[in-house]
Structures are given as C-alpha cells and as structure tokens.
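Geometric and topological summary
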Amino acid sequence: MSDAASNCLLSMRGLTREFRIGGGLFSPAKVLRAVSDVWLDVPRGRVTGIVGESGCGKSTLARLALRLLDATAGSVIFDDVELGGLKSGELRELRRRMQMVFQDPYSSVDPRYTIREALVEPFRVQRIRLTAAEAKSRVEEMLTMVGLSPHLASSYPHQLSGGQKQRVGIARALAHKPSFLVLDEPTASLDVSIQAQIVALLEYLQRDLGLTYLFISHDLGLVRYFCDTIVVMYLGRIVEILPNAVAKPRHPYTKTLLDSTFEPDPSKRRHISRLSGEIPSAFDLPKGCAFAARCSHAADRCRQERPEMSDAPGHRVACHYPLN
Amino acid sequence: MTLLSIRDLSVCIGRLRPLDGISFNLDKGEILGVVGESGSGKSLTATSIMGLLPLIGGKVLKGSMYFDGIDLTTLDEASYRRLRGRRIALISQNPMTSLDPIVRIGAQIDQMASLHLGLSPQKARARSIELMEQMRIPQAATVYGQYPHQLSGGMKQRIVVAMALAADPDLIIADEPTTALDVTIQAQIVQILIDLVRERGLALMLITHDMGVVAQACDRVVVLYAGRVAESNSVEGIFAEPRHPYTRALIRCIPRGGQARGSLVGIPGVVPRVLDYPRGCRFNPRCDLAQPICYTETPPVHADGSAAVACHFSEVRAHV
Amino acid sequence: MAQPMHTLVRIVSTPRGAVSGAILLIVILCALLASWVAPYSYDIQNLPGANLEPSASHLLGTDEFGRDLLSRIIYGARTSLAVGFTSIGASVLVGLVLGGAAGYFGGAFDRSVTAIVDLTWSFPEILIALILIAIAGPGLHSTAIAISIAYLAQFTRLTRAQIIGLKNETYVEATIGLGASHGHVLFQHLLPNALTPVIVAGMLATGDAIILEATLGFFGLGAQPPTPSWGAMMSSGTAQIFIAPWIIIFPGVAIAGTVIAINLFGDAIIDALDIRGKLRES
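About the criteria used
Residues numbered from 1 in each chain as written. Chains lettered and ligands numbered in written order. Predicted model: local features only at pLDDT ≥ 70, side-chain atom pairs only at ≥ 80, totals over all residues. Heavy atoms only, no water. Helix = DSSP H or I, 4+ residues; strand = E, 2+ residues; numbered from the N terminus. Buried < 20%, exposed > 50% of the residue type's maximum accessible area, 1.4 Å probe, protein only. Contact = heavy atoms within 4.5 Å. Lys, Arg positive; Asp, Glu negative; His and termini not counted. Charge placed at Lys NZ, Arg CZ, Asp CG, Glu CD. Expected span 1.5 Å × (residues − 1). Pairing = 2+ DSSP bridges. Axes fitted to C-alpha atoms, helices over the stretch in contact; angles between N-to-C directions. Salt bridge = Lys/Arg side-chain N within 4 Å of Asp/Glu carboxyl O. Buried area = accessible area lost by both parts, 1.4 Å probe. Polar contact = N/O pair within 3.5 Å; in protein donor to acceptor, adjacent residues only side chain to side chain. Phe/Tyr/Trp six-rings, centres within 6.5 Å; stacked < 30°, edge-to-face > 60°. Lys NZ or Arg CZ within 6 Å of the ring centre and 35° of its normal. Patch = residues over 30% accessible without salt bridge, like charges linked within 9 Å, V, L, I, M, F, W, Y side chains within 5 Å. Areas by Shrake-Rupley, 256 points an atom, 1.4 Å probe, with all protein chains shown as cover. Arc of directions from axis to C-beta.

Notes on the overall build of chain C
Counting its secondary structure elements, chain C contains 12 helices and zero strands. Across chain C, helices and strands are ordered from the amino to the carboxyl terminus as α-α-α-α-α-α-α-α-α-α-α-α. Summarising its shape, the C-alpha atoms of chain C cover approximately 75 × 45 × 25 Å along the three principal directions. Counting over 282 residues, chain C shows a buried share of 48%. The long-range share in chain C, meaning contacts at least 24 apart out of those at least 6 apart in sequence, stands at 74%. In chain C, 12 side chains carry a positive charge and 16 a negative one; their mean positions are 7 Å apart.

So, in structure tokens, the structure goes:
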C-alpha cells in the first residue's frame, strides 16, 4: 500500500463534474455530466495517456486534475495533499509544482505581451521578485531549454509560428520546475512535422527533468507511441486502462478506436466496418453501457446495466463481455 | 484512362507565385492523394482546378489543365459553371459552413440534382434519400426533413458528400474532408469515399496532411512542398521507397505501432511563406542532406512513367 | 492599441480622419483657451446693441441682451465638452468596473447587474436624465450626473461582452494555472484587452452626450444663466427667430459640427483599429 502510494503522484477518487447549461428566467438549466466517477492513479515519473473523442470529458478531467475546475463530487490528491481543501494561497504555492500546456498555442499568450513579459509572468503571479539581470538570464535559460533562440524574447506572439508559440507555452509551464505536467492536446492544432518536433521536445524534457505527464489526446497512434499507460474514455467515463502500448484492447470501443487509426503503411490497410447507431447525447445518457448503441457485441444486459470497472490490477476494463 | 491532366501549372496572385510548375495525372477509378503541410499549395491546386482563382485575385500564369479533354485554362465562366458541381464536385474541410443553416437537408441535396440533372421533385427526393442511405445515414427519410443544426459533425459531412454526389460527378475533390472530425467518424468517411470510387468508378483527389489517411485510401500520391511537386509515385512506392528527403521526413513524423520511444523526429523549421521562398531547392533550410548545389540550383524533375521526384540527389526508380 | 501614435497617424492620413480631427482640435482648443480666444466677455450685457446682425465687430452678431454670440459660442464649447467628456468619462469608468466584474465573476452578481442594465437600456436616455434631474434639481452638475447614469448601461454591457469573450482565451486559463489572482487576470489581461472598443464607444457616446446636454439646456434644465450653453442659447433664440435668426442658427451649427466631427473621427478610429465587429458584440 505504502509502496503504491509513494509511486503515485496524483490520484483521482470518484471525480465527477457536472455543468449546468442554459437556463434563464423562464427555462430550467440542463445538466451535463462531463466526467462521471473517475478513479485513476497517475504514477510518478511516467507518462499516462488519456485518449477519447470530443465530448468524452478528457479536457474537463485535465482541468479537474489541476483544480482549474472544481469537482462536483470526488477528490484529487496530489502528493498526499487534497486539492479541494486548499486555501487560495496554498493552491497558488502548489501550482508551482503542477502545470498545464494547452491545446491552442495561437491564443496561449496575451497578444499584448512580448515573449519576455510572458515568460516573466509566472514569477510575477507567484510574487517572486526578479532583478532585471535575473529576469534576463531566466528568460534566456527558459527559451534555450525549449529550443528557441533568446533573440525571440522581444517578439510579440503574432510574430511567432504555431510551433514556436507552443514552445513558449511549454517554457512558461516549466518556469517553476514543476514535477507534474498536464498536456492537453498540445500538438492537435499543429502540422504533423511540428507535432513530431514538439513530441520529441516533450520526451526529452520528461527524461531530463524526471517529469510526470498526463497526456490528453484524441490520437491513439500518438498516445501508443508516447505513453506508458493508456486510459480510454467514452462519454465521461473510463472504459479501459491499458497497462502498456502494445496491450490488446479488450473493450469494443478501444478496438474501434484502434481500427480507426491509420498507420502510415499501405500494406496495413484494413476495411473499416460500419458503425451503426449514433453517439448518445451527453444530456441524456442511457442507463446501460454508453457504447452499447454503437457496439456490435452489445447484448440486452449491456443496455440494461452499466458495466463496472474490473478490479484486477494491470489491464482493467469496464465491459460485460470483454474481447480476448 | 486519364481524366485530369495537369502539366507545369504555375499560378500567380499579384506578384506572388504560390504554385510553380505543378504536374500530375488522375485516372478514372483512382484515388490521388495530394499531401503536404499547410502552405504547401494543396488547397490552391484545388481552387485552380475548380476555376475559382479569380475569386482570390489569382490567375494561371502558365501550364495546362485538361479535364476529360477540356482545356480548363481557357474555359469561360459560363462553361465552367456547367462543369462545377455537375462534373467536378468539391467537398470542403468544414462541414459546418458547407450547409445552409435555414434550408432543410433534403432540399439542399434535391437542389443539386434538379439544378444539374433537371430531375422532377419526386425523383430528386427519391434519389436524395437513396444517396443518404449509401452514405450510411440511419433513418435517411427522417434526416431528409431535418435542419443542419440537428445533426452531428460527422452526419453533416456525410450530407456534404451526398450533395457532392447528387449531380453524378466524374471527379470529386475532397479538401481535408475529415480533419475536423473525430477519429472513428473520420475512418467511416474515408471508407465511404473509398467505396464510392470503387463502386462508381469516379476519380477522387484527396487533399490531406495525414500520411495515415494517404496510406489507407490512396492509389497514387503527389507530395507538394512550398508550391512545387517534391515527389509523386504510387502509394506503395511513396511509402516503401521515398525518394525525396521531404517525403521521408513527412512519413517519419507519424509514429508507427510499436515504434520505440524517443525515435520520433520532426522536421526542423517551418514551411516558408510565399514571400520568403529560398533560392534553389525550397526544402534546403530543413533538409539534412542539403549540399551547396541545393542552395543555388532549382532541382530538375526526374520523371519516369508515373513517378517523379525533384531532388538533386535522387534517382527515380518507378515502383511497380 | 499597441502603438497609439502609429494608429493616430493612420487615422489622420485619411481625408475623413484629417477633416474631423481638425474640427475637433479647434473645438477643444476653443474650450480650453476660451478666455484668450473669445473677443468679448460672455456675460457683459449691452441692451442698445441687442439682436445685431453679424458684422465686422461682432462676427456672428449679438443676442437679445447685446452679448457677442461668437464669444458665447466659444465659452459654450467649454460647457458642452466639459459636460460631455466628464459625464461619459465617469460612465466609462464605472461601466468598466461593473461590466468587468459581472463578466468575470458571473453568477448572481452578473444576473443582477444585467437585469438592472437591461431595465435602464429599455428607457430613452433623455427620460432617465429627466427623472434624475427632477429628483436632483436643474444645474450643470446634475446634468452631468444624469448623463453618466443614462449611458452607464451601454458601457457596462459592452465591457461585459468583451470580458466574456476574452475569458475563453487560452492565455487567461493559462495565467490562472500559473497561480494568478483574480485581480491579476482582470487588470493585467482582461481589462487591457477589452479597453480599446469601450473607449471608442465612449468617444462616440460623447457626441450623443453633447446633444443630450444641449437638449436639457434647451429646456432650461442644464447650465443656469448666465453660463453659456449651446442648448440654452438656442432656446432663447426661439423667441427672436424672426428678428434675429442667427441667435438660434449659429449655436445649432456648433452642436451639429462638433457631433458630426466626433462621429466621423470615431468611425475613422474604428476602421483604423478594425474593431467594428467587437463594438457590435453587446
């Protein structure tokens, strides 16, 4: 137990988040449950991938993990500290150790700030006073660390390419030498050649600084390359946790996701079988398995009763009839 | 049989020359992948074929474009209008803006059929529903009466494909048709497009930046870089023996299943903007093999049958 | 507005911007330097010289008390601009705070601010001003206060809309993720980025405010005699309209010219900064 606890940097316990959408003077608000009862341990020094399609709750989960959003129920424990119980000053201190890199590099820096100002901001918000000389050397050090020329410090964001901006976003996140980074689709809005550059940089930083990553992506191919454990989400819930990149999927949804990922190799062509049924509305989830409507293996039990996550350590799956 | 033949096409917009000597052929019953990063000229090639260059202030500087024996470069606007939508259909990247939000789905598909084929309303309706069923749209008759906002993104893109097919075109140009969609939906749409070409024998020009989609769907591939063709070949040739350093680099950017950690390499730098095209080979700032000649001389195109490569240091061997 | 000087140069290099800018500059200089520019005092009466036509000694003629009309119009500019700028300035300031807080924090505070703002938005400004003056009594100060409150809804709405739009920018979330306080996010990122459209809207509203001040002056609710006000001057001109029409015409021309110049200049700023879309957001 103590061994497992010390190996685990961040732990999510029964995390649930609901959003109230719409609703005004004359109409009731609708409730959307973006994340439902998520239990997940993020091991120290490793890369945990969360993969799923739009609306599966992966971005909400990322924000809950850093308490950029408050949970409706459940808790997040970071290095033995429960985030929900922290006062704002304590949370600010803790933010030096846990940071996020965002999907959209194009708006991740205030357009009125120079790169230098954007890189000094982490120290300003943490109320750390830097002398002009300290600030200069820190900014140079940060830019060099993410493979950018120190000359860029006086540029404005609009003068940088998407890849350069994402490097600035990474540099900002690393300003206080954190131990934990949440990467929310950091390459999704970049060209493939730039995506590969950024992934290579993130790999290098992880090894070099011993970071723990929570890597959010819709790209199973990329997640299988980059991550030690792979968490698959569907409509707000974890449906499968693969212990490694080569583990065979046991949940039919993971199988579908894997079959939909094309490899850059024409000899591995496959026929895409037809998915029947539509994705259910997140406002009105079925009482059984959320994937049942699209699943070719679905039986009556799947539509009636929601499958629980299997308890066995290692490869875990939430399916009544897992694949072999 | 060659349906579309483009030879040495150069396009200018003002003083800029964003396309410079593009050549490729597209046969009936074939899927041609046009790949490259943003800014490589993929979409502009489609714009040129559709005859929409004047809309963005561009014009064909030199070269030829033949579609089924028709010279597109000298075609007047009235004749082009009879070609567009009827014989050459375009599927654009964003399904959300391709549909009119205040017109019912069915009416939008009907309109294409009645406009180009002169079908009666009843026949057009029956045909539209049949097309929607071919697009694997469940309860097509219900969807026929719905509005775009009632459908998901994947469904809308299927409607857009159905609209493109409504006038029974010979050539479909699909400009990043799946980029905005989720992976499972993307796979479905790609499969629908492949089935269409195989069943109907039409030609598909698939513009994409995704080498995975290319490997899955295409018969032949044209790799564009900074407004020029870097390499073109059969899909097997492109992936098994890429000749151009850019093609090699592009393929290496996508992780393969089981690829070891730390072995993914990107391409350093970015695609230059039209204003900043370097002298010589335009890939030279990002190429790990660049020699002095690459900085001074534009590489000649080595062509051999349907394969071609523009690099000083590649001999072409057409892959059979 | 990264480079205000650069923007200004671009504005005045268009014909519209140059002409409207020049008119505005003249009006502002007249207001500031009235005691030097005006040929006569604004309140010295000379009954034998009443209702004189424009002439070499009185360029715009004299009013029913024999006061020099040009001097009164120059001093009137001071009243109009002072009321216009201070009332709108105060209104913009309060609107930024209210709209900024409502847009940023949301919730019950936002709902109550929006409800009040929507309520005042549905009354004409003049009605709000009249009610407030009825409570506070006539005079320049109550006119200025009435105008600021009448226009508050506009700036609160605009600021709130800007803030709500900017709140979704990644850099805002990123800054919160770094550990920034609400104050830092609001004052370092949101308000500076929201400021430009609000200030331009304020500039355009200044034209309306000058008309509103003139209207209140016309009804005798604004500046009290002998303080010259364009509206009050027109009002007194109505009695002499057939004997001395210039008394009503020239102050009218001053109002119209100033307001048109403000509107054209504001339009030029909007085009130079390319923010027409943002102004429509509210």
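So, helix α7 (residues 192-209) of chain A
Owing to its 3.6 residues per turn, the α-helix aligns residues three or four sequence positions apart on the same side. Residue and element names in this part refer to chain A. Here α7 is 18 residues long and its end C-alpha atoms lie 25 Å apart, about the 26 Å a rise of 1.5 Å per residue gives. Of all 18 residues that make up α7, 13 are buried, and the element is covered over most of its length. Directly after α7, the chain includes G210, whose backbone phi takes a positive value near 60°.

Here's the deal with the sheet that holds strand β6 (residues 98-101) of chain A
Residue and element names in this part refer to chain A. Reading across from one edge, β6-β7-β8-β3-β9-β10-β11 is the order of the seven strands in this open sheet, with mixed pairing throughout. The outermost strands of the open sheet, each flanked by one partner alone, are β6 and β11 (316-317). Pairing geometry for β6 and strand β7 (residues 180-184), over four bridges, is parallel. Across the sheet, the residue bridging to M98 is F180, located in β7. Helix-sheet contacts for helix α9 (residues 252-259) involve β3 (47-51), β9 (229-234) and β10 (237-242), and the interaxial angle to β9 is about 105°.

Description of the pattern of salt bridges
Where charged atoms from two side chains of opposite charge come close, those side chains can pair. All names here are of chain B. For the coordinates displayed, the defined rule picks out 37 salt bridges over all chains. A salt bridge links R17 to D20; the nearest nitrogen and oxygen atoms lie 3.2 Å apart. Judged by its relative accessible area of 35%, R17 is partly exposed. Here D276 and R273 are joined by a salt bridge, their closest N and O atoms 3.2 Å apart. On the basis of relative accessible area, D276 is assigned to the partly exposed category, the value being 42%. The exposed category is assigned to R273, whose relative accessible area is 61%. A single network of salt bridges, built from pairs that share partners, joins R17, D20, R228 and R282.

Focus: the sheet that holds strand β4 (residues 73-78) of chain A
All names here are of chain A. Across the sheet, which stays open at both edges, the four strands sit in the order β2-β1-β4-β5 with antiparallel pairing between neighbours. If you trace the sheet from one side to the other, it starts and ends with β2 (30-43) and β5 (81-82), each paired once. Bridge count for β4 against β5 is two bridges, and the pairing is antiparallel. Within β5, the position partnered with F78 by the bridge is V81. Contacts between helix α2 (residues 58-65) and the sheet are confined to β1 (8-21), β2 and β4, with β1 contributing the most and set at about 120° to the helix.

Some points on the interface of chain A and chain B
Taken together, the contact pairs 38 residues of chain A with 47 residues of chain B. Taking both sides of the interface into account, the surface hidden between chain A and chain B amounts to around 3700 Å²; carbon and sulfur atoms contribute 55%. Ranking the residues of chain A by area buried against chain B places Y225, F262 and P264 of chain A at the top, with a combined share of 21%. One can count two salt bridges joining chain A with chain B. Residues D265 of chain A and R256 of chain B are paired through a salt bridge, measuring 3.9 Å at the closest nitrogen-oxygen approach. Where chain A meets chain B, there are 23 residue pairs in polar contact (both at pLDDT 80 or more). The set of elements that each furnish at least two residues to the side of chain A that touches chain B consists of α7, α8 (220-226) and α9 of chain A. Considering each element in turn, the side of chain A that touches chain B owes the most residues, nine residues, to α7 of chain A.

Considerations on the pairing of strand β7 (residues 171-175) of chain B
All names here are of chain B. Counting buried residues along β7, five of its five residues qualify, which places the element largely inside the surrounding structure. As paired elements, strand β6 (residues 88-91) and β7 share four bridges and run parallel to each other. Paired with A89 across the two strands is I172, which belongs to β7. Judged from the five bridges that link them, β7 and strand β8 (residues 203-208) form a sheet pairing that is parallel. Residue pairing for β8: I173 is matched across the bridge by M205.

With respect to the packing of aromatic side chains
When we look at a pair of aromatic rings, we describe it by the centre distance and by the angle of the planes. Per the stated rule, a full pass over the model turns up 11 aromatic pairs over all chains. Pairing Y234 of chain A with F291 of chain A gives two aromatic rings, centres 5.3 Å apart and planes at 85°, and the pair type is edge-to-face. With Y234 of chain A in strand β9 and F291 of chain A in the loop between α9 and α10 (300-304), the pair connects residues that are 57 residues apart, well separated along the chain. Grouping residues by exposure puts Y234 of chain A and F291 of chain A together as buried. Connected via pairs of aromatic rings, a cluster forms that spans Y213, F215 and F226 of chain A. Across from the ring centre of Y144 of chain B, 4.7 Å away, lies the NZ or CZ of R125 of chain B, which sits over that ring. Against the face of W121 of chain C rests R157 of chain C, its NZ or CZ located 4.5 Å from the ring centre.

Some details on a nonpolar patch on the surface
All names here are of chain C. Side chains of L25, I28, L29, L32, L33, W36, V37 and F85 sit close together on the surface and give an oily, nonpolar patch of about 800 Å² of accessible area. Taken together, the elements giving at least two residues each to the nonpolar patch come down to α2 (15-32) and α3 (34-37). The greatest single-element share of the nonpolar patch, amounting to four residues, is contributed by α2. For L29, a relative accessible area of 42% translates into the label partly exposed.

A few points about helix α5 (residues 107-121) of chain C
Residues and elements named next belong to chain C. With 15 residues, α5 extends 21 Å from end C-alpha to end C-alpha; this agrees with the ideal 21 Å at 1.5 Å per step. All buried positions along α5 are accounted for by D110, V113 and V117. The buried side chains of α5 occupy one side of the element, clustering within an arc of 70° when seen end-on. The exposed set on the far side of α5, more than 90 degrees from its buried face, consists of A108, R111, I116 and L119.

What about the interface of chain A and chain C?
Across the boundary between the two partners, chain A contributes 22 residues, which contact 17 residues of chain C. Buried area between chain A and chain C, both sides added, is near 1700 Å², and the carbon and sulfur share of it is 53%. For the interface between chain A and chain C, the tally reads one salt bridge. Where E173 of chain C meets R63 of chain A, a salt bridge forms, and the shortest distance between an N and an O atom there is 2.5 Å.

Purely geometric stuff here, so don't read any function into it on its own.
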